[in-house]
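Single-letter residue listing:
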Amino acid sequence: MLMDQGPSRKHLGDAFKPDPHSSSFRRPTAEMNIASGCPLFVAQSILDAGNYIKDDTIFIKVTVDTSDLPDP
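I will try to describe carefully the structure that is included in this document. This is a predicted model, so every value here is computed, not measured.

**Description of the overall build of the chain**
Link 1 in the chain: Scanning the chain from terminus to terminus reveals 1 helix and 0 strands.
Link 2 in the chain: A compact globule built from 72 residues would reach a C-alpha radius of gyration of about 11 Å, whereas the chain, at 16 Å, exceeds it by more than 25%.
Link 3 in the chain: In terms of overall dimensions, the chain has C-alpha extents of about 40 × 30 × 20 Å along its principal axes.
Link 4 in the chain: For the chain, the exposed surface amounts to about 6,400 Å²; the carbon and sulfur share of it is 56%.
Link 5 in the chain: Across the chain, the 7 positively charged side chains and the 10 negatively charged ones have centroids separated by 4 Å.

**Concerning the side chain of Gln-5**
Link 1 in the chain: Secondary-structure assignment places Gln-5 in the segment before α1 (44–49).
Link 2 in the chain: Reaching out from Gln-5, the side chain makes a polar contact with the backbone oxygen of Tyr-52 at a distance of 3.1 Å.
Link 3 in the chain: With near-sequence residues (within four places) excluded, Gln-5 lies in contact with Asn-51, Tyr-52, Ile-53, Lys-54, Thr-57, Ile-58 and Phe-59.

Reading the values: rules and limits
Residues numbered from 1 in each chain as written. Predicted model: local features only at pLDDT ≥ 70, side-chain atom pairs only at ≥ 80, totals over all residues. Heavy atoms only, no water. Helix = DSSP H or I, 4+ residues; strand = E, 2+ residues; numbered from the N terminus. Rg over C-alpha atoms; globule rule 2.2 N^0.38 Å. Areas by Shrake-Rupley, 256 points an atom, 1.4 Å probe, with all protein chains shown as cover. Lys, Arg positive; Asp, Glu negative; His and termini not counted. Charge placed at Lys NZ, Arg CZ, Asp CG, Glu CD. Polar contact = N/O pair within 3.5 Å; in protein donor to acceptor, adjacent residues only side chain to side chain. Contact = heavy atoms within 4.5 Å.

Put into structure tokens, the structure is as follows:
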């Protein structure tokens, strides 16, 4: 979630459920894994026009739902 630092608090959020069979979520075997996630999360124009950047700082909130993971 991209946090709105202005008084309106119009935070922008997105979510995805990873595919456990995808190589994106496995131990890397090269320099980096194949990218996965939300590539079109927010447009640059929205960042520039809103209250998402203040004093050259953005705040991003990450929530990880582990409720459906097996016990270790």
